[in-house]
Amino acid sequence: MTNFYILRHGETRGNIMGFKQGQIDGEPSQLDEKGIEQARTLHDHFDISFADRIMVSPLTRAQDTADLLNEGRHLPIEVDDRLLEISYGDWDGQYDMDLKAKYGKYFIPGSNAIYPDYYEVANGEKFTDVENRVAQFTDEIRQKYANQNIIIVTHGFTVRSFAQNAVKAADPLAFKEPLNCSVTKIEVAENGQQGLYYYGRVFA
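Residues numbered from 1 in each chain as written. Predicted model: local features only at pLDDT ≥ 70, side-chain atom pairs only at ≥ 80, totals over all residues. Heavy atoms only, no water.

Some points on the sheet that holds strand S4 (residues 149–154)
Backbone hydrogen bonds are what pair the strands of a sheet, in a parallel or an antiparallel way. The condition that has to hold: Paired strands, in this sense, are two strands between which DSSP finds at least two bridges. Runs of H or I in DSSP of at least four residues are treated as helices and runs of E of at least two as strands, each being numbered from the N terminus. Note on geometry: axes are lines fitted to C-alpha atoms, helical ones only across the stretch in contact, with angles between N-to-C directions running from 0 to 180 degrees. Here a residue-residue contact requires only that any non-hydrogen atoms of the pair lie within 4.5 Å.
With mixed pairing, the six strands of this open sheet are ordered in space as S3-S2-S4-S1-S5-S6. Looking along the sheet, the strands with just one partner apiece sit at the ends: strand S3 (77–79) and strand S6 (194–201). Neighbour to neighbour, the strand axes of the sheet diverge by 20° on average, direction disregarded. Here strand S2 (residues 53–56) pairs with S3 via three bridges, running parallel. For Ile-54, the partnering residue across the bridge sits in S3 and is Ile-77. In this fold helix H7 (residues 156–167) packs onto strand S1 (2–8), S4, strand S5 (183–188) and S6, with an angle of close to 145° to the strand it touches most, S6.

Brief notes about the nonpolar core
For soluble globular proteins, the rule of thumb is that nonpolar side chains tend to be buried together. What counts is decided by this rule: Put simply, a nonpolar core is a bunch of buried Ala, Val, Leu, Ile, Met, Phe, Trp, Tyr and Cys residues held in one set by side-chain atoms that sit within 4.5 Å of each other. Think of it in three bands: residues with accessible area under 20% of the maximum for their type are buried, residues over 50% are exposed, and the middle band is partly exposed, with areas taken using a 1.4 Å probe on protein chains only.
Core analysis: the largest hydrophobic core is formed by 29 residues, its most contacted members being Phe-4, Trp-91, Tyr-118, Phe-137, Ile-152 and Phe-162. Those elements that provide at least two residues to this core are S1, helix H6 (127–144), S4, H7 and S5. The greatest single-element share of this core, amounting to five residues, is contributed by H6. Among residues more than four places away in sequence, those in contact with Phe-137 are Phe-4, Met-55, Asp-80, Arg-82, Leu-83, Ile-152 and Phe-162. The next biggest cluster of nonpolar side chains, apart from the first, holds 21 residues, and it includes Leu-31, Phe-46, Val-56 and Val-183.

Thoughts on H6
Stated precisely, the cut-off is as follows: By this rule the span expected of a helix is its residue count minus one, scaled by 1.5 Å. Along the arc lie the directions from the helix axis toward the C-beta atoms.
Compared with an ideal rise of 1.5 Å per residue, which puts 18 residues at 26 Å, H6 spans 26 Å between its outermost C-alpha atoms and is within 8% of the ideal. Residues Phe-127, Val-130, Glu-131, Arg-133, Val-134, Phe-137, Thr-138, Ile-141 and Arg-142 constitute the buried set of H6. One face of H6 carries all of its buried residues, which in axial projection span an arc of 165°. Those residues of H6 that are buried lie in contact with S1, S2, S4, H7, S5 and S6.

All we've got here are geometric facts, nothing functional implied.
The structure is reproduced here in structure tokens:
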């Protein structure tokens, strides 16, 4: 059994500004003071010394979270592009308020979350595109690092995609975006069978 502990990065200013970060890697998509504190709190309450390695998205907000979590633990860290956040295409770097004014029917009422068909106007990744790259990652890593405990530091939609792949929910909107610095655990058996142990757990 290979265990994946999948973390969303700490808070950024972009998270609280109603800003589609996607794969943007500059301001305001860096950890803010609260995000740094969230990562330090997780470090203090979720001891990763049991794990074998950390795998992280190449985006700075994820790497900074991983570095804070790894202080004093000294686990090997690997970067993998398949852990990137969803690319919203033309919507990356735009504000939800502006997007909803023009493309309101693609947003779930009362939230900044989007329906799966948003890509038709945004030229972004499909939900299934992210799920497929996450599935490829999961299958490769569970074979390469069989029976290990893997810490994964990534992004909200990517965490959701891990869970969706494990459960195969009929409704693609079943999993809501997990909180910053929350942890999701998925167990993967030798035959590839996945089980969702918990989703979006906050350690504090």
